[in-house]
Amino acid sequence: MEVEQTGFPGLLVITPRVFSDERGFFKETYQQERYKEAGVDASFVQDNASRSTAGILRGLHYQIQHPQAKLVHVMKGEILDVCVDLRKNSPTFGQSYSIRLTGENHKQLYVPPGFAHGFYVISPQVDFVYKCGDYYYPEHDRTLLWNDPELGIDWPLSGEPLLSEKDRRGLPLKECEVFESL
Ligand SMILES: Cc1cn([C@H]2C[C@H](O)[C@@H](COP(=O)(O)OP(=O)(O)O[C@H]3O[C@H](C)C(=O)[C@H](O)[C@H]3O)O2)c(=O)[nH]c1=O
């Protein structure tokens, strides 16, 4: 497997080894020992999956009190995956990182605790799967406004994105609760 640093402390791009043959492909999408050696030091407790269609934007979400590390990848389709560093003491605080994750490039993004995370769907449909380093606590769920001008995220929009009511009500960075001690 290949591991790439991103310039954001702890945020990693991981490409697992893919075994292709006439039947299709096989890949290990997580292996605790190998991923810990690579810097994925979360103990995952929950797996999530979502399916979305083109033009949907989910995010930018994070949990205060119980910040979740995430290991995300696309099984099928293409997204622009985006995360924003909300760790006050990080050299990349307030900066966003974007990467195209597709079923073909097999890339994974390891997002350490302390980031807001979301994605925009580019392909007609996407199946998105991810491991979480803490449980879901709806009372601690927070949303950073996807198009906060301060973030300057270059979403590859084709028209207005389709958002949940929660995501429409996201807060700009300057009004968000951030992480003082991560
Ligand atoms: C996240 C989550 C949600 N839910 C329930 C709550 C709602 O009734 C329903 C949809 O939740 P939501 O609209 O928050 O789902 P997404 O918009 O896909 O949220 C996720 O999308 C972005 C990309 C993320 O990075 C987060 O992991 C996560 O917030 O699932 C649960 O029961 N458990 C969970 O862990």
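Residues numbered from 1 in each chain as written. Predicted model: local features only at pLDDT ≥ 70, side-chain atom pairs only at ≥ 80, totals over all residues. Heavy atoms only, no water.

- The chain goes by dTDP-4-dehydrorhamnose 3,5-epimerase in an unreviewed UniProt entry, where it is assigned to Gimesia benthica.
- The Pathway (unreviewed entry) comment attached to the chain in UniProt states, word for word, "Carbohydrate biosynthesis; dTDP-L-rhamnose biosynthesis."
- Here the chain is described in UniProt, under the heading Catalytic activity (unreviewed entry), as follows: "dTDP-4-dehydro-6-deoxy-alpha-D-glucose = dTDP-4-dehydro-beta-L-rhamnose". (UniProt positions renumbered as here; feature names shortened; annotations may be inferred.)

**Here we look at the sheet that holds strand 8 (residues 78–85)**
- Strand order across the open sheet formed by 5 strands is 9-8-11-6-13, with antiparallel pairing between neighbours. Each edge of the open sheet is held by one strand with a lone partner, namely strand 9 (96–102) and strand 13 (141–143). Pairwise comparison of adjacent strand axes, ignoring direction, gives a mean angle of 25 degrees for this sheet.
- In this sheet, strand 13 lies alongside strand 6 (residues 57–63) in antiparallel orientation, the contact comprising 3 bridges. Note on strand 13: the bridge partner recorded for H61 is T143. (Pairing = 2+ DSSP bridges. Helix = DSSP H or I, 4+ residues; strand = E, 2+ residues; numbered from the N terminus. Axes fitted to C-alpha atoms, helices over the stretch in contact; angles between N-to-C directions.)

**Some points on the pattern of salt bridges**
- Across all of its chains, the model carries 11 salt bridges by this definition.
- Between D85 and R87 there is a salt bridge, with its nearest N and O atoms 2.8 Å apart.
- The class of D85 is buried, set by a relative accessible area of 0%.
- For R142, the salt bridge goes to E177, with nearest N and O atoms at 2.4 Å. Separated by 35 residues along the polypeptide, R142 in strand 13 and E177 in the segment after helix 2 (165–168) bring together distant segments of the chain.
- Accessibility expressed as a relative area gives 23% for R142, which makes it partly exposed.
- Here E177 falls in the partly exposed class, since its relative accessible area comes to 38%.
- Bridged by salt links that share partners, the residues E165, R168 and R169 form one connected network. (Salt bridge = Lys/Arg side-chain N within 4 Å of Asp/Glu carboxyl O. Buried < 20%, exposed > 50% of the residue type's maximum accessible area, 1.4 Å probe, protein only.)

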